[in-house]
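Close look at the chain arrangement
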Amino acid sequence: MTATRLFNAHIIDPSQSLNGIGYLDVVDGVVNAIGLDTPSKSGKFEQLIDCQKSCLSPGIVDMRVQPADPGAEHLESLSTLLAAAAGGGITALACLPDTRPVIDEASAIDSLCLRASRIGGPRLHAYGAATKGLDGHEMAELGLMAEAGAVGFTNCATSINDSLIMRRLLAYSNMLDKPFIQHCEDHALTKDAEMNEGETSTRLGLLGSPSEAEVIIIDRDLHLLRRTEARYHVAHISTRAGIEAVRQAKAEGLAVTADTAPPYFLLNELAVSTYNTAFKLSPPLRSEDDRQAVIEGLADGTIDAIASDHMPVDRDAKMQPFGPAQPGASGLDTLLALSLTLVHQGHISMARMIEALSLAPASILDIRGGTLSPGCSADFILFRPDSGWIVKSANFISNSRITPFELHPVQGIVDATYVDGTAIFLRD
Amino acid sequence: MTQGDTTGVQSHKQTGPAKLANRHLLGIEGMSPLEIRSLLDRGHMFADNPHDGVSDALHGKTIINLFYENSTRTRVSFELAAKRLGGSVLNISVAGSSVKKGETLLDTATTLNAMHPDILVVRHNCSGAALLLSQHIDASVINAGDGRHEHPTQALLDALTIRRRIGRIEGLKIAICGDIANSRVARSNIHLLGTLGAELRLVCPVTLLPANIGNMGVSVFTDFESGIEGCDIVMMLRLQTERMAGTETPSQREYFNLFGLDSGKLMRAAPKALVMHPGPMNRGVEIDSATADDVEKSLIRTQVEMGVAARMACLEALVTRLA
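Definitions and cut-offs
- Residues numbered from 1 in each chain as written.
- Chains lettered and ligands numbered in written order.
- Predicted model: local features only at pLDDT ≥ 70, side-chain atom pairs only at ≥ 80, totals over all residues.
- Heavy atoms only, no water.
- Helix = DSSP H or I, 4+ residues; strand = E, 2+ residues; numbered from the N terminus.
- Rg over C-alpha atoms; globule rule 2.2 N^0.38 Å.
- Buried < 20%, exposed > 50% of the residue type's maximum accessible area, 1.4 Å probe, protein only.
- Areas by Shrake-Rupley, 256 points an atom, 1.4 Å probe, with all protein chains shown as cover.
- Lys, Arg positive; Asp, Glu negative; His and termini not counted.
- Charge placed at Lys NZ, Arg CZ, Asp CG, Glu CD.
- Contact = heavy atoms within 4.5 Å.
- Buried area = accessible area lost by both parts, 1.4 Å probe.
- Salt bridge = Lys/Arg side-chain N within 4 Å of Asp/Glu carboxyl O.
- Polar contact = N/O pair within 3.5 Å; in protein donor to acceptor, adjacent residues only side chain to side chain.
- Nonpolar A, V, L, I, M, F, W, Y, C, P; charged D, E, K, R; others polar.
- 1 Å grid on protein atoms, 1.4 Å probe; cavity = no way out; pocket = protein on both sides within 12 Å on 5 of 7 lines; lining within 4 Å.
- Points joined across faces, edges and corners; volume = space filled by probe spheres on them.
- pLDDT = per-residue confidence, 0-100.
- Phe/Tyr/Trp six-rings, centres within 6.5 Å; stacked < 30°, edge-to-face > 60°.
- Lys NZ or Arg CZ within 6 Å of the ring centre and 35° of its normal.
- Expected span 1.5 Å × (residues − 1).
- Pairing = 2+ DSSP bridges.
- Right-handed = clockwise from strand over helix to strand, strands pointing away.

Things to note about the overall build of chain A
Broken down by element type, chain A carries twelve helices and 19 strands. Against the globule reference of 22 Å for 428 residues, chain A gives a C-alpha radius of gyration of 21 Å, in line with a compact fold. Principal axes of the C-alpha set define a box for chain A whose edges measure 65 × 45 × 45 Å. Sorting the 428 residues of chain A into buried and exposed places 60% on the buried side. For chain A, the exposed area adds up to about 15800 Å²; of that, 50% sits on carbon and sulfur atoms. Taken together, the 33 basic and 53 acidic charged side chains of chain A have centroids lying 2 Å from each other.

Dropping the structure here:
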C-alpha cells in the first residue's frame, strides 16, 4: 500500500463543489479522502507534498484530439502526443479516427489503445469512424468498435450530410449507448470556401464560408433527434446561431451537448488579415459576434466542454497561399493556459472552467475522470493559474508546432499531472 | 497619340519619381491619396513622353515577370515598361517551368531570390500569394493580380486613363459592373477610386456580390439600368468563367440580357459617359462589340496604352526606393 497526501492545495473539484485550500489523500492510485478542512494527523504517508497553494483539480479530459499516428508519424508520434498531453495537464484524451488507416474497425481501436498503454501517460480513448473510410455513406462496424472500447462515433472533420444515413447513425449509436459527435458543416454551402464569410473575406478576396453552414446541420440533426432517441454532441461549435440552437434544444430536454476550442473564444476572423495560414482552421475563425456568443455559451453551460482540437499539420501544408493551405493547429500544450484567459478576463469562474475541461467531457463520453470523489481514480493536476509565459511553439512538447497563438501572452502553468496517483508529468 | 486629349487635365508639377511608403506594391488598400496621386502624376508624364528616355531608372536592374496565370496584356505591359526604363526583363511563365514539376511557390521564390532580381512581378491564382512571396524574397514585389484580391497596377492605369480624359476623379460617378465577386480589378478600383473621392456604384447580379461589400464605401445595385443611371464612367468587368462554379448565372444569354452593356442601356448613363473594360473582353457576354469599339465612348484601347505608363511609374518608384 502506498499513500500520498497533498496538502496546502487550492482544491477545485466542481463535482463535489469544492473550491478552497485543502488536501487530497491518495492511496494505491485511488482518492482516499479530500477536503477543505485541516486533514487528520492520523495515517502514515510515504509522501507528503506541500502544494504551496497551487491549484489542484481533476485532470483535463480532452475530447477532441487528432493523432497523426498511425499514418503520419513524422508529424507526431503517439509518444510525443501523449507526452504533450501530459505536459498540458491532460489525464485522458479521446482520439479522432482520421488516421491512415482510418480507425473504422475494432482491431484499429485495439491497436491504438494497446500501443498507448505500452507508452504510458494519459488515458487514451478512441472514437470509431462513423462511416467506412470516413466516406460518409456506408456505416462502419459500430457495434464491434463499441465492444473494442470506442467511446463514441464521429465522421471527424466532415459532417454526415445524408439525412437518412445520419438518422440511422444516431439510432444505431444510441442502441450501443454511445454519443454521436458531429462536426457541423453543410459542405455544399462551404464548397471551396477559404475562411469565414464577411467583410474580411471580401476584402481579402478569399471565398467565404457562411456561418449558417453550421446551424443548418445542427437544426437538421435536432429534428432527427426528436424522432430518434440518441445522444448528440456538436463538436467545436463556433457560431451564435449554432449555439442558440443548442441552447433551445437543451431547454426542450433533448440529449444534446457541445464543445468548443480556444481559437473560437479567443480569436476572430480579423486574424486572417495577413493571410497567415496558422489561422486557417476548420471550422474557420468567425466574426467577433460569434466569438462573444461562444463565451456566453461557455458561461451559461450551453457549451458543455472545452477541447484542444489538436491537429498535427505538415509545415509544408501550411507554407502555402491561404487558399490551398491545410486547416488545423496544435492545441495540447496550450489548452489550460488559453482556457484560463476566460477566467482571468472574468467571463467564467475557475470552477466552471475546470468543469468544462474535465467533468463535462468525462460525463459526455462516460469515461473515468472529471472528479476526485473518494473511491475514484486519482487523476489530477497541479497548476499555478497566474504564472505568465509567452506561447512559443518551438518549446512545445508536441511535435506539432503550428499554433494560431504564437507569441501570445498567457497565464497558467501546469506543474504536475497524475494518473492513478502516479506522476506522468513533473515540471523541472 | 490616341490619348492626346488632355483637355481639363490638372497640372502635374511633380518632376521626380513617385514616392511610396512600402518596399512592395501589393495592393491599393492602405495606400495614401498622396502616394496614389504621385504615381498617377508620374504616369501622366510617362504617357506624355513614351519613348523619350525620360528616365533610365532601371538601368542595370533585373525585373522578373513570374506569371502563374496566363496573361498577355499585363505581362507585355510590364515588360515594355521595364525596357523603356532601361531594365532587363526575364519572363517566367508557369507552363514549361519547374512549377509544373511540383515546385512550391516558396521554393520558386527561394530559387529566384538566389538570382538577385531587383523587382519581381507576380501573378498568381491564390489571394495573398504576392504578400507571401514578399515575405520570403529580397526583391521588391509587384502584385500583378492575386486571386480575387487585388490588381493594383490595373486600378492605377484605370485611374490614369480617366484622369487624362476627364481631368479628375474626385466627384465622378463611376459604376463598376459585372462579376464583382471574382474580380481583383473591382477590389483595387474600389479602394483607389474611393480614396480619390469618386462616387462608386457596384452593379451586378446578387449571386456575384461578395458579402458585406457595402461596407467598403460603395452603393450596390442589382438592376443594371438604374445602377448606371447618370454615371460618368461605366466600367465593365469580365465574367470570370474560370473562377465560377457554374451556378452564379443561368446562362450567358441571360447575363447579357440583364447585365451586358449595349448602346441602348448606355443611354441611361450621363450624356458623355465613357466605357471601360480591363480586358480581355467576352464580346456579347458583358459588352457588345459596337459599344466596345465605339471610339467616342470607349476608353478600352487607351487603358492598354496607359498600362505601360502606369507601370513605368510603379517600377521607377520601387527602384528609386531601393537605391
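Additional details are given in the paragraphs that follow.
A word on the interface of chain B and chain A
In this assembly, 22 residues from chain B lie in contact with 16 residues from chain A. When the two sides are added together, the surface that chain B and chain A hide from each other amounts to roughly 1500 Å², 61% of it contributed by carbon and sulfur. Summed over the three residues of chain B that lose the most area to chain A, namely Ser127, Arg148 and Ala211 of chain B, the buried surface amounts to 25% of that side. Our count for the chain B to chain A interface comes out at one salt bridge. A salt bridge links glutamate 29 of chain B to arginine 203 of chain A, with the shortest nitrogen-to-oxygen separation between them at 2.6 Å. Summed over the shared surface of chain B and chain A, the result is seven residue pairs in polar contact (both at pLDDT 80 or more). Residue contributions to the side of chain B that touches chain A peak at three residues, all from helix 4 (residues 129–134) of chain B. In terms of residue class, the side of chain B that touches chain A is made up of ten nonpolar, eight polar and four charged.

Quick look at empty space enclosed by the protein
Residue and element names in this part refer to chain B. For the structure on display, the rule yields one cavity of 30 Å³ or more. Approximately 90 Å³ is the volume found for the largest cavity. If you go around the largest cavity, the residues you meet are Arg73, Thr74, Ser77, Gln154, Leu157, His277, Pro278, Ile300, Gln303, Val304, Gly307 and Arg311. Those elements that place two or more of their residues in the lining of the largest cavity are helix 2 (73–84), helix 5 (152–166) and helix 11 (300–322). When its residues are assigned to classes, the lining of the largest cavity shows four nonpolar, six polar and two charged.

Overview of the confidence of the model for chain B
The predicted model of chain B averages 91 in pLDDT, with 92% of residues at 70 or higher. In the predicted assembly, ipTM is 0.92 and pTM is 0.95.

Quick notes on the packing of aromatic side chains
Under the counting rule described, the total for this entry stands at two aromatic pairs over all chains. Ring geometry for phenylalanine 380 of chain A and tyrosine 418 of chain A: centres 4.4 Å apart, planes at 10°, overall stacked. Taken together, the residues span a long stretch of sequence, with phenylalanine 380 of chain A in strand 17 (residues 380–390) and tyrosine 418 of chain A in strand 18 (residues 409–419) at a distance of 38 residues. One residue, lysine 265 of chain B, lies across the ring of phenylalanine 224 of chain B, its end atom 5.5 Å from the ring centre. A cation over a ring is seen here: lysine 265 of chain B above phenylalanine 256 of chain B, with NZ or CZ 5.7 Å from the ring centre.

Some remarks on helix 5 of chain B
Residues and elements named next belong to chain B. With 15 residues, helix 5 should cover 21 Å at 1.5 Å per step; its first-to-last C-alpha distance of 21 Å lies within 8% of that length. Burial runs high along helix 5: 13 of the 15 residues are buried. Among the residues trailing helix 5, glycine 167 stands out with phi positive, at a value near 95°.

Overview of the side chain of serine 298 of chain B
Mapped onto the elements of the fold, serine 298 of chain B is located in the loop between helix 10 (289–292) and helix 11. Excluding residues that lie within four positions of it along the chain, serine 298 of chain B makes contacts with Val275, Thr291 and Ala292 of chain B.

Topic: the pairing of strand 1 (residues 62–67) of chain B
Residue and element names in this part refer to chain B. Most of strand 1 sits inside the fold, with five of its six residues counted as buried. Looking at chain direction, strand 1 and strand 2 (residues 88–93) are connected through six bridges and run parallel. In the sheet register, phenylalanine 67 faces strand 2, and the bridge partner there is serine 93. Taken together, strand 1, helix 2 and strand 2 form a β-α-β motif whose crossover is right-handed. Bridging between strand 1 and strand 3 (residues 119–124) involves five bridges; their strand directions are parallel. When the bridges of strand 3 are listed, isoleucine 63 appears paired with isoleucine 119.

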